[in-house]
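Chain by chain, the residues run as shown.
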Amino acid sequence: MGKILILANSSDGLYDFRNELVEKLLEKEQVVASLPDHVKTKELLDEGCKVIHTPINRRGINPIEDIKLFFNYCRLMRQEKPDLVLTYTIKPNIYGGFCCRVMKIPYIVTITGLGSAFQKKGMLLGMVVQMYRLGIRKAECVFFQNEENRNIFEKFGIKGKSGRLVKGSGVNLKRHEMEEYPKGNPVKFLYVGRIMREKGIMEFLLAAEKLHSDKVCFELLGSCDEDLQDVLDEYEKKGCVKQLGFDPQVHQHLKECSALVLPTYHEGMSNVLMEASATGRPVIATNISGCREIFEEGLTGFGCKPGSAEELIEAIRKFLALSPEQRADMGRKARQKMEKEFDRWKVVKEYMEEIHKSLNKEDKNESV
């Protein structure tokens, strides 16, 4: 039995989007997960994972904190002696990659999106690029969730030993089963995710202010990651939106909505768009890589330009112009697309192929 170490930046992200891979690994391997929070650690422990708490400042650029993270990862790898390391998101990818290179441990990297880092210019962008180059250079495989991210990495000369494109994390079609489309009013537009500017939250609020009525409502599900709480409270006080707070049980909220709205500026491959589509709900999202692969314009959803409240409002108006039967039909077609293209088990299979390849390579090296 081998040992797999997973470095990630949230327990709910690992459990909600990658647990099928964890379960598959646990059939034959030990799995150790390094995580900064406890939201879903009980579930992972119950399955047989070993969970180790490792603090990460997900959004900050603090050299002292990042150096601590590097040494924490190195200490963890010395203690656990993994046969393979899987990393997700920018800081685990970079600092976990540094440690794996130093300690000569094979590792597989997943680029879950580029965030705002590659929208910067000057020294900061140059620093991020150089750190990524060093961090993933010796990776056995780099998984990309959309073609645009892969092209950007190629442009900057960031690469591992091999690369592979997958359909994001895929979607669990049983957990997010097809639900009957809601009847009657109000028409409910739901935003799900971290509440922050680069997710398009200001455009969502402006659309809600323009279009809310007794028959049309807008809801926010997620925690506020930036200094926006006063703004959210102001819009709620005016009756434009309803704040639902954070709830890990997302499916019930998707079931009750008429359409999922995600006006984000950048994505790897949007999990919430896949989950809403699998539930049988049309989506309204920005026409960017990581979103546009998931919906088909006019068939399963509507697109808009990132950063444009006017285009978002127009897309919502297009949806409101549809009959209830047409909206339900969009939802059915969205579900069919998820079944055909985004089944999570297909993604798990691709990961397992690379994991077996890396482990077998390590076994051969040891026997030489």
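Let me begin by describing the structure that accompanies this report. This one's a predicted model, so the numbers in the text were calculated from it and none came from an experiment.

**Examining the pairing of strand β8 (residues 187–192)**
With respect to burial, β8 is a largely interior element, six of its six residues being buried. On β8, burial covers both faces: V187, F189 and Y191 on one face and K188, L190 and V192 on the other are all buried. Handedness of the crossover joining β8 and strand β9 (residues 216–221) through helix α7 (residues 201–211): right-handed. Pairing analysis gives two bridges linking β8 to strand β11 (residues 259–262), with the strands arranged parallel. Its bridge partner lying in β11, L190 is registered against L260.

**A word on the packing of aromatic side chains**
Enumeration over the complete set of coordinates arrives at ten aromatic pairs. On the numbers, 5.6 Å between centres and 70 degrees between planes, the contact of F189 with F319 is edge-to-face. Linking F189 in strand β8 with F319 in helix α11 (residues 309–320), this pair joins segments that are 130 residues apart in sequence. We note that F189, like F319, is buried. Ring centres of F204 and F218 lie 5.7 Å apart, and the angle between their planes is 80 degrees; this geometry places the pair in the edge-to-face category. Remark: F218 occurs in strand β9 and F204 occurs in helix α7; sequence separation between them is 14 residues. Judged by relative accessible area, which is 0%, F204 ranks as buried. Classification of F218 by relative accessible area gives buried; the value is 1%. Connected via pairs of aromatic rings, a cluster forms that spans F189, Y191, F204, F218 and F319.

**Considering the pairing of strand β13 (residues 301–304)**
What you see with β13 is no split at all: G301 and G303 on one side and F302 and C304 on the other are buried throughout. In the sheet, strand β12 (residues 283–286) pairs with β13 via four bridges, with the strands oriented parallel. The residue of β13 that forms the bridge with A285 is G303.

**Brief notes about the pattern of salt bridges**
Pairing between side chains becomes possible if they bear opposite charge and their charged atoms approach one another. This model, assessed by the stated rule, comprises 26 salt bridges. Among the salt bridges present, the one from E148 reaches R292, with a minimum N-O distance of 3.7 Å. Of this pair, E148 sits in helix α6 (residues 147–155) while R292 sits in the loop between β12 and β13, and the two are 144 residues apart along the sequence. What makes E148 partly exposed here is its relative accessible area of 39%. Residue classification places R292 among the partly exposed positions, given a relative accessible area of 42%. The residue K183 makes a salt bridge to E180 at a minimum N-O spacing of 2.5 Å. Each member of the pair, K183 together with E180, is exposed. Here the salt bridges do not stand alone but share partners, grouping R164, E350, E353, E354 and K357 into one network.

Calculation rules
Residues numbered from 1 in each chain as written. Predicted model: local features only at pLDDT ≥ 70, side-chain atom pairs only at ≥ 80, totals over all residues. Heavy atoms only, no water. Buried < 20%, exposed > 50% of the residue type's maximum accessible area, 1.4 Å probe, protein only. Helix = DSSP H or I, 4+ residues; strand = E, 2+ residues; numbered from the N terminus. Right-handed = clockwise from strand over helix to strand, strands pointing away. Pairing = 2+ DSSP bridges. Phe/Tyr/Trp six-rings, centres within 6.5 Å; stacked < 30°, edge-to-face > 60°. Salt bridge = Lys/Arg side-chain N within 4 Å of Asp/Glu carboxyl O.

Function cannot be inferred from these measures alone, as they are strictly geometric.
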